[in-house]
Amino acid sequence: MNDVNSVVRMTIIANAVILGVCASAQSGSPAVFDPIDAFSASNEQRAGYDWWSLQPLSEVVPPSVEESSSWAAHPVDRFVHSKLVSNGLRPSQPADSRSLIRRATYDLTGLPPTPEEVSAFRAACEAEAGSPDRVGDGAYEALLDQLLASPHYGERWGRHWLDVVRFGESTGYEVNHIIDDMWPFRDYVIESFNEDKPFDRMVREHIAGDALAPGDPAVEVGMTFLVAGPHDIVGNQDPVQAAQIRANGIDEMIRATSEAFMGLTVGCARCHDHKFDPISQRDYYGLYTTFAGVYHDSRTVATDEQRAAYESQVGPFRAERDQLAKSKGELENAINERAKSNLAEHEARWTRPPVNRKGTEELFPPTNARFVRLRSEGRDNDPNARTNYRLDEFEVWTADDAPRNVAAAANGGKATGRSRVAEDFGDAYLADVAIDGKFGERWIASGPDLVIEFAKVESIRRVFFSSDRTGALSPTHGEAPIVSEYRIEASTDGEQWTQVADSRSRKPVNEAHRRKRLLDWSMTTEERGDRASFGKQIADLDRRIREVPSLPRLRVGRLTQPEGDYHVFLGGDPQRKGDVVVPSSVTALNGVAGFYALTNETPERQRRADLADWIVAPENPLTPRVLMNRIWYYHFGRGIVPNPSDFGFMGGEASHPALLDWLARELVAPSNGGDAWRLKRMHKLLMLSQTYRQSGEFRADAAATDADNQLLWRFAPRRLSAEELRDTILAVAGKLDSKMGGPGFRLYQYMRDNVSTYAPLDTHGPETYRRAVYHQNVRAGRVDLMTEFDSPDCALAAPRRASTTTPLQALTLMNHQFTMDMASALAERLEAEADRNDVDTQIDRAYAIAFSREPNADERKTGEEFAKQHGLVAFCRGLLNANELVYVD
């Protein structure tokens, strides 16, 4: 725990006495609230303070089982067996060795066992148990140790955790831009699981890594958890809407934290007290103030030693650069001072009004032309920028008595110019937009010139152009910068050009333009050369600074100290402020896990550190219960509590509550004296049980009593997850790239403009043949095969994966180019690993690789006939679509 002198801590003895602490809206002093009557006791409509998951972990003893039973030795089996017997059920027979190695390998690594691994395991089982089909206990335990030591374990179980913490690599909402510096968190999660980091340590690193090891990227990277969810980056200028957007961002952090670690839906108390659980608005806003200083952003994270080493390399360059910049500035100031002595002379040239975004007119003597060219020399919001200006219309008018806009597309005009590219809407910013007669859209220049071609040679005398003709935007809005320093030229052939107008006689649009003009007009040839030399030397030093490896910059949130008091938002509306609140714990656990309340002057980091300590406190029963339920869910396909992230009234009834408490206690206080909070030990504990080692065979008599297998009378077969299926296809085809870590790959084309678009790729190249956990998952982004097989959208946490069956799955798996490519690769593998001229041996090898077994006689005959008639590639394509590949029993 952190220093108790820095916080106010109160421990409540009786569960029924709940202390709610906040501050008076008037005085700012702490106030004690009476217990909320509606929360006093559970009933048929809601949970109260006495709800089972809010109580201390019970000290249960596994029920006794007849000693002669194989289910008597393991504590987990004794709990499960007791429930089965009390419901008139019996367990299933043990699974055979082939089924068990396949099940265990997928569960712990997400990959199929190789034929060689299967053979070695079956041989060990035969040596120990007398039959290759009968599982030997020693051989099986050795297999589990081997799988838990595999680096693929972290990839598999890291993917589970990334689901829970809503990890996605785009901002979400309507803009949904990709985020390229999130992947270190994914690698951190994988590495944490592989090294069997204690889970309570992970929780602290997720919420307050900067308090554990300030400046250490390997620790602070865990704080990506706080900002891993979607967030709105539109930047609403309305302060009311901006406050709502900010409240939404903090709400997302509150929900993620309370649900991932404690299975509490605290977010439901944002607008009012929770309708089903004993969580008040004061509880919600106690967490709100805890996270009030966290903003979605990236920041540099480095130790003092790393910063010193970096500064030792770039410091000399910066010092030299600063001196050059100072000399350059002094030169420019001297030139400007000299120019001021002739200021009246310069200003006398500026006889016309400055450029106006709503419309700028140039008049000149009638000139014959078929081409007009606008040449940018400066933009109104940047005098040195010649590109990225906008035009909603560019008009060229004839010298006739009835002038015509011959630039208009309707009159045969054509416009060319380098344009900003919008990959998802190719015509959005083309130069044609500048002559279409409409003012709602703008041409965005990526080069300095716009050229207009008329239908024929015309006599012209007037040009009129604008970037915001209707005046719908503010004068300084970033969406309508206009060219403000320019030349306009005319030509009859597009080769020889004559200047007909320029901006030099216009008043500068702002002080920056005024200063640049004076500088340009007053420099001598020698000064111009000196200024260019300074610029070149500065650019060279900038390049050398960039070449120095930068300090780690991680997506771990921008942290600021919250100022002033925070309030309950009445109805969840930031504009309707109620009582003052302080950073504090959730009062529903006061009688069990203790209670803390800080002050609004508490440092931001300390707020999060105290919350993390409270979440993993030995007295807090929720965190180990929720964690063990998640592990149980991933091993058995169904949680002891059906909703892994909701241990409240709506989360469903626990099927084996005593077993869950026993497991939770074993996690935090191991009976054999092992290390607390380590997960590999708990995996092994569960997987060594007879409950896990049962056959998946269906039994109608048992299903009549327990159709959902809630009581675990068999091991429930499951379909591979989307990631497992893709990884399996790559592994079977011999194409899986084992590279771990680093930036991810993409199975989509990323197209970014004002908003981002993600188009699924039809062809997946070798650069994508890595494990799916390394895919750069984005929100609202569909990926063929992955999406069809229920890979969840990371806009929300996914504590449970759906497992649907749809026609589109079969069509995609059969016909996608990825399957075609992998079928060809598998055929090549079979020809290389088996006799090229013996189809029988190729069929045998294919079954060993894909199904971890030999084909029976009928399968071998059918496969041989099919391969001979349709080719080995077609046979492999069928193999990749087989249910036996897609399901694990």
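Conventions adopted
- Residues numbered from 1 in each chain as written.
- Predicted model: local features only at pLDDT ≥ 70, side-chain atom pairs only at ≥ 80, totals over all residues.
- Heavy atoms only, no water.
- Helix = DSSP H or I, 4+ residues; strand = E, 2+ residues; numbered from the N terminus.
- Buried < 20%, exposed > 50% of the residue type's maximum accessible area, 1.4 Å probe, protein only.
- Contact = heavy atoms within 4.5 Å.
- Areas by Shrake-Rupley, 256 points an atom, 1.4 Å probe, with all protein chains shown as cover.
- Lys, Arg positive; Asp, Glu negative; His and termini not counted.
- Charge placed at Lys NZ, Arg CZ, Asp CG, Glu CD.
- Patch = residues over 30% accessible without salt bridge, like charges linked within 9 Å, V, L, I, M, F, W, Y side chains within 5 Å.
- Salt bridge = Lys/Arg side-chain N within 4 Å of Asp/Glu carboxyl O.
- 1 Å grid on protein atoms, 1.4 Å probe; cavity = no way out; pocket = protein on both sides within 12 Å on 5 of 7 lines; lining within 4 Å.
- Points joined across faces, edges and corners; volume = space filled by probe spheres on them.
- Nonpolar A, V, L, I, M, F, W, Y, C, P; charged D, E, K, R; others polar.
- Axes fitted to C-alpha atoms, helices over the stretch in contact; angles between N-to-C directions.
- Parallel < 35°, antiparallel > 145°, perpendicular 65-115°, else oblique.
- Left-handed = near helix turned anticlockwise from the far one by under 90°.
- Pairing = 2+ DSSP bridges.
- pLDDT = per-residue confidence, 0-100.
- Phe/Tyr/Trp six-rings, centres within 6.5 Å; stacked < 30°, edge-to-face > 60°.
- Lys NZ or Arg CZ within 6 Å of the ring centre and 35° of its normal.
- Core = buried A, V, L, I, M, F, W, Y, C linked by side-chain atoms within 4.5 Å.
- Polar contact = N/O pair within 3.5 Å; in protein donor to acceptor, adjacent residues only side chain to side chain.

## Focus on the overall build of the protein
Link 1 in the chain: The helix and strand tally for the protein stands at 27 helices and 22 strands.
Link 2 in the chain: By principal-axis analysis of the C-alpha atoms, the protein measures approximately 110 × 85 × 55 Å.
Link 3 in the chain: When the 889 residues of the protein are sorted by exposure, 54% land in the buried category.
Link 4 in the chain: The contacts in the protein between residues at least 6 apart in sequence include a share of 72% that link residues at least 24 apart.
Link 5 in the chain: Accessible surface, the protein: about 37800 Å² in total, of which carbon and sulfur atoms supply 50%.
Link 6 in the chain: Placing the 104 positive and 131 negative side-chain charges of the protein at their respective mean positions leaves the two points 5 Å apart.

## Quick notes on a negative patch on the surface
Link 1 in the chain: A cluster of like negative charges, contributed by Asp427, Asp432, Asp436 and Glu441, occupies part of the molecular surface.
Link 2 in the chain: Within the secondary structure, Asp432 is located in the loop between strand 9 (414-416) and strand 10 (443-444).
Link 3 in the chain: On the basis of relative accessibility, which here comes to 44%, the residue Asp432 falls in the partly exposed class.

## A word on the layout of surface pockets
Link 1 in the chain: In this structure, the largest pocket occupies an estimated 660 Å³ of space.
Link 2 in the chain: Around the largest pocket, the lining is made up of 29 residues, and of these Tyr633, Gly637, Arg718, Arg801 and Ser803 lie nearest the centre.
Link 3 in the chain: Those elements giving two or more residues to the lining of the largest pocket turn out to be helix 5 (151-164), helix 17 (622-636), strand 19 (718-719) and helix 21 (722-733).
Link 4 in the chain: It is helix 5 that provides the largest number of residues to the lining of the largest pocket, a total of 4 residues.
Link 5 in the chain: Of the residues that constitute the lining of the largest pocket, the class distribution is 11 nonpolar, 6 polar and 12 charged.

## Concerning the environment of Pro56
Link 1 in the chain: Summarising the element assignment, Pro56 is placed in the loop between strand 3 (30-33) and helix 1 (75-86).
Link 2 in the chain: Given the relative accessible area of 45%, Pro56 is considered partly exposed.
Link 3 in the chain: Remark: the alpha-carbon pair of Pro56 and Val592, spanning 536 residues in sequence, is separated by 6.1 Å.

## Some thoughts on the packing of helix 7 (residues 199-212) against helix 16 (residues 604-615)
Link 1 in the chain: Between helix 7 and helix 16, the shortest axis-to-axis distance is 8 Å and the interhelical angle comes to 150°. What the angle tells us is that helix 7 and helix 16 run roughly antiparallel. Of the two elements, helix 7 crosses helix 16, and the hand of that crossing is left-handed. Contacts between helix 7 and helix 16 pair Val203, Arg204, Ile207, Ala208, Asp210 and Ala211 from the former with Arg605, Arg608, Ala609, Ala612, Asp613 and Ile615 from the latter.
Link 2 in the chain: When grouped by side-chain class, the residues that make up the contact of helix 7 with helix 16 number 7 nonpolar, no polar and 5 charged.

## Things to note about the pairing of strand 20 (residues 748-752)
Link 1 in the chain: By the bridge criterion, 5 bridges tie strand 20 to strand 21 (residues 756-760) in an arrangement that is antiparallel. Its bridge partner being in strand 21, Tyr750 is matched across the sheet by Tyr758.
Link 2 in the chain: Between strand 20 and strand 21, which pair antiparallel and follow one another directly, the connecting turn spans 3 residues.

## Quick word on the confidence of the model for the protein
Link 1 in the chain: For the protein, the mean per-residue pLDDT works out to 93, and 96% of the residues sit at or above 70.
Link 2 in the chain: Note that pLDDT drops below 50 for residues 1-34; the model gives that stretch 79 contacts with residues more than four away or on any other chain.

## Here's the deal with the pattern of salt bridges
Link 1 in the chain: Inspection of the entire model under this criterion finds 76 salt bridges.
Link 2 in the chain: Between Arg404 and Asp400 there is a salt bridge, and its shortest N-O distance comes to 3.0 Å.
Link 3 in the chain: Judged by its relative accessible area of 35%, Arg404 falls in the partly exposed class.
Link 4 in the chain: Here Glu833 makes a salt bridge to Arg845, at a shortest N to O gap of 2.8 Å. Linking Glu833 in helix 23 (residues 817-833) with Arg845 in helix 24 (residues 839-851), this pair joins segments that are 12 residues apart in sequence.
Link 5 in the chain: Of the residues examined, Glu833 reaches a relative accessible area of 39% and is grouped as partly exposed.

## Concerning helix 19 (residues 679-687)
Link 1 in the chain: Burial within helix 19 is extensive, with 9 of its 9 residues counted as buried.
Link 2 in the chain: Every buried residue of helix 19 is accounted for by Leu679, Lys680, Arg681, Met682, His683, Lys684, Leu685, Leu686 and Met687.

## Side note on unusual backbone geometry
Link 1 in the chain: Within the chain, Trp677 stands out as a residue other than glycine whose phi angle is a positive 70°.
Link 2 in the chain: For Asp790, which is not glycine, the phi torsion reads 75° and is therefore positive.
Link 3 in the chain: Inspection of the secondary structure assignment puts Asp790 in the loop between strand 21 and helix 22 (807-815).

## Structural notes on the packing of aromatic side chains
Link 1 in the chain: Under the definition given, this model contains 32 aromatic pairs.
Link 2 in the chain: Relative to Tyr634, the ring of Trp157 lies with its centre 5.6 Å away and its plane at 85°, an arrangement referred to as edge-to-face. Pair noted here: Trp157 is in helix 5 and Tyr634 is in helix 17, with a separation of 477 residues, a long-range link. Summarising the burial analysis for this pair, Trp157 and Tyr634 share the class buried.
Link 3 in the chain: Members of the aromatic cluster, joined through ring pairs, are Tyr284, Tyr285, Tyr288, Tyr566 and Phe569.
Link 4 in the chain: The residue whose ring lies beneath Arg349 is Trp521, and the NZ or CZ to ring-centre distance is 4.7 Å.

## Thoughts on the nonpolar core
Across soluble globular proteins, nonpolar side chains have a tendency to be buried as a group.
Link 1 in the chain: With 163 residues, the main nonpolar core has Tyr140, Trp161, Phe261, Trp632 and Leu663 as its most contacted residues.
Link 2 in the chain: The biggest single contributor to this core is helix 17, with 9 residues.
Link 3 in the chain: Ignoring anything within four residues of it in the chain, the contact list for Phe261 reads Trp161, Phe199, Val203, His206, Ile207, Phe225, Ile615, Leu622, Thr623 and Val626.
Link 4 in the chain: Core analysis: the next-biggest nonpolar cluster, separate from the first, contains 31 residues, Ala431, Ile435, Val463 and Val500 among them.

## Focus: the side chain of Glu362
Link 1 in the chain: Along the chain, Glu362 falls in strand 6 (residues 360-379).
Link 2 in the chain: Classification of Glu362 by relative accessible area gives buried; the value is 2%.
Link 3 in the chain: Engagement of the side chain of Glu362 in a polar contact is seen with the side chain of Arg352, the distance being 2.8 Å.
Link 4 in the chain: In this view, Glu362 contacts Arg352, Arg461, Arg462, Val463, Tyr486, Ile488, Ala501, Asp502 and Arg506; residues no more than four positions away in its chain are not counted.

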